[in-house]
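The chain contents come next:
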Amino acid sequence: MTTELTHYINGKHVKGTSGRFADVFNPATGEVQAKTPLASVDELNQAVADAAKAQEEWAAVNPQKRARVMMEYVRLINRDMDKLAEAISREHGKTIPDARGDVQRGMEVIEFCIGAPHFLKGEYSGNASTGIDIYSMRQPLGVVAGITPFNFPAMIPMWKMGPAIAAGNAVIIKPSERDPSCPLMLAELWTEAGLPDGICQVVNGDKESVDAILDNETIMAVGFVGSTPIAQYIYGRACSNGKRAQCFGGAKNHMIIMPDADMDQAADALIGAGYGAAGERCMAISVAVPVGDETADKLIEKLVPRIEKLKVGPYTSDTEMDYGPVVTAEAKKRIEGLVQSGIDQGAELVVDGRGFSLQGYEDGFFVGPHLFDKVTPEMDIYQQEIFGPVLCTVRAGSYEEALKLASDHEMGNGTAIFTRDGDAARDFASRVNVGMVGVNFPIPVPLAHYTFGGWKKSAFGDLNQYGPDAFKFYTKTKTVTSRWPSGIKEGGEFHFKLAD
Ligand code: NAD
């Protein structure tokens, strides 16, 4: 039986009225397990109008009280960690430990938001000129929107919800239609934590509701995370409609392996970062760049047996799996198409995951692990984000060539270098044209008190997600210049009479 999912509006689950739905699959079996409503323009606009009404009072609640709602929210997320993780795995396909990580990394941003009062402080210059004081304050924008991808249905909605709400805004979340259950549960928990109705609205939908967000005049800012073409489209339309926008796109993260690297450590790192979550992470390493043929040969030799041991299966398995299915049949087909293009364009398929099938789960969207060697920059598998369990090896002749590869790729989300040489690591971190860098660390997702954001076609807009940047994004600065000429006469008396 398929479940009919809802929206979450004004503190309640609300059925969709547009008559349009999207199927939500169980990626492990290939079956449709739920249908999610796709909001109409009217449904979206009504949710925004209700949010705008609620936001006026929320903005007047002092930041410390808002922070207490965050504290309670963290407690509830911890309480419901298992339920949330199960909901993610059921619709996304990732393993339970991965799903818990998804919730954990989102919750860390909410924990950071408990300190929001500190970031909402303004500045003050007393007696900036004779009798003149200047001060600035950070005020909420009003209603803001977050449009989020399928691959982190807990973490990314929380990256948007936490700072927007802590700063005194109301937020509309438009989650991915692939796995909308976890965002709905997250919204419900806000109500339980004491957030007033209307401040966190989850409106499920597709392009129609996204376009309605972009054209809605009440929405002041849009935070998007997803693929690059959609990020670019949303950034353009939101900005031309006068909204503040930050849109984070796809990735092609390179890991440079220097000849002096600890090869076992590098191979282990590549297994986790390349194949974990079936490669469906924007910080996955999808390109290994060993420097020198000897390094490349050693690396491949270490990788192959590790890849062959990977356990692929449903999250419900008794034994712990390394990764699960990809999200949809289309995603699987796209990955298979790219693998074929790699073969056709002359890359060497060292580990062939084609034709992977699991007994009892023949209709699931499982993709076996693949390893390509001798990939070259003009190949499609190098240029495009595969977003699957496919690692490409590009052999570089020198460190400079490896650095140039990572720097010249049009995506610039994350990168890493594995080396024992401090000079090389330092040079790489300083010169590489990419937003987030790991040194002997394959997935350098910054902690919540830093900020997250790639460069080049991995991000459009000029402030990062979470951390201090988020409070800049979700507030506007007002600066007051005030003059209070001294009321005290010579001799200490006031010009006016003090009340008795
Ligand atoms: P996607 O671009 O297909 O969808 C993202 C969101 O946009 C969803 O809510 C979807 O409903 C909406 N959308 C889809 N097509 C649209 C259209 N034509 N018009 C308007 N809205 C549309 O991305 P996805 O497949 O859900 O997520 C995977 C992508 O997200 C990968 O490219 C991955 O690298 C990227 N990602 C980036 C980051 C980052 O921080 N840079 C983080 C996570 C994921």
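Residues numbered from 1 in each chain as written. Predicted model: local features only at pLDDT ≥ 70, side-chain atom pairs only at ≥ 80, totals over all residues. Heavy atoms only, no water.

**Side note on unusual backbone geometry**
Phase 1: Here Asn10, not a glycine, exhibits a phi torsion of approximately 55 degrees, which is positive.
Phase 2: For Asn10, a relative accessible area of 22% corresponds to the partly exposed category.
Phase 3: A positive phi angle is found at Phe387, which is not glycine, with a value near 55 degrees.
Phase 4: Inspection of the secondary structure assignment puts Phe387 in the loop between α13 (380-383) and β17 (390-393). (Buried < 20%, exposed > 50% of the residue type's maximum accessible area, 1.4 Å probe, protein only. Helix = DSSP H or I, 4+ residues; strand = E, 2+ residues; numbered from the N terminus.)

**With respect to the sheet that holds strand β23 (residues 475-483)**
Phase 1: Here three strands make up an open sheet; going across it, the order is β6-β7-β23 and the pairing antiparallel. Both edges of this open sheet fall to β6 (124-129) and β23, since each of them pairs with a single strand only. The sheet shows a mean angle of 25 degrees between the axes of neighbouring strands, taken without regard to direction.
Phase 2: Two strands pair when backbone bridges link them, and β6 and strand β7 (residues 132-140) are joined in this way by three bridges, in the antiparallel orientation. Residue pairing in the sheet places Ser125 in a bridge with Ile134 of β7. (Pairing = 2+ DSSP bridges. Axes fitted to C-alpha atoms, helices over the stretch in contact; angles between N-to-C directions.)

**Notes on the environment of Asp322**
Phase 1: Tracing the backbone shows Asp322 in the loop between α11 (293-308) and α12 (329-344).
Phase 2: Along the primary structure Asp322 and Lys174 are separated by 148 residues, whereas in three dimensions their C-alpha atoms are 30 Å apart.
Phase 3: The contact partners of Asp322, leaving out residues within four places of it in the chain, are Thr95, Gly276, Ala277, Lys309, Leu310 and Lys311.
Phase 4: In this structure the side chain of Asp322 is engaged in a polar contact, spanning 2.7 Å, whose partner is the backbone nitrogen of Lys311. (Contact = heavy atoms within 4.5 Å. Polar contact = N/O pair within 3.5 Å; in protein donor to acceptor, adjacent residues only side chain to side chain.)

No statement about biological role is implied by the geometric values presented.
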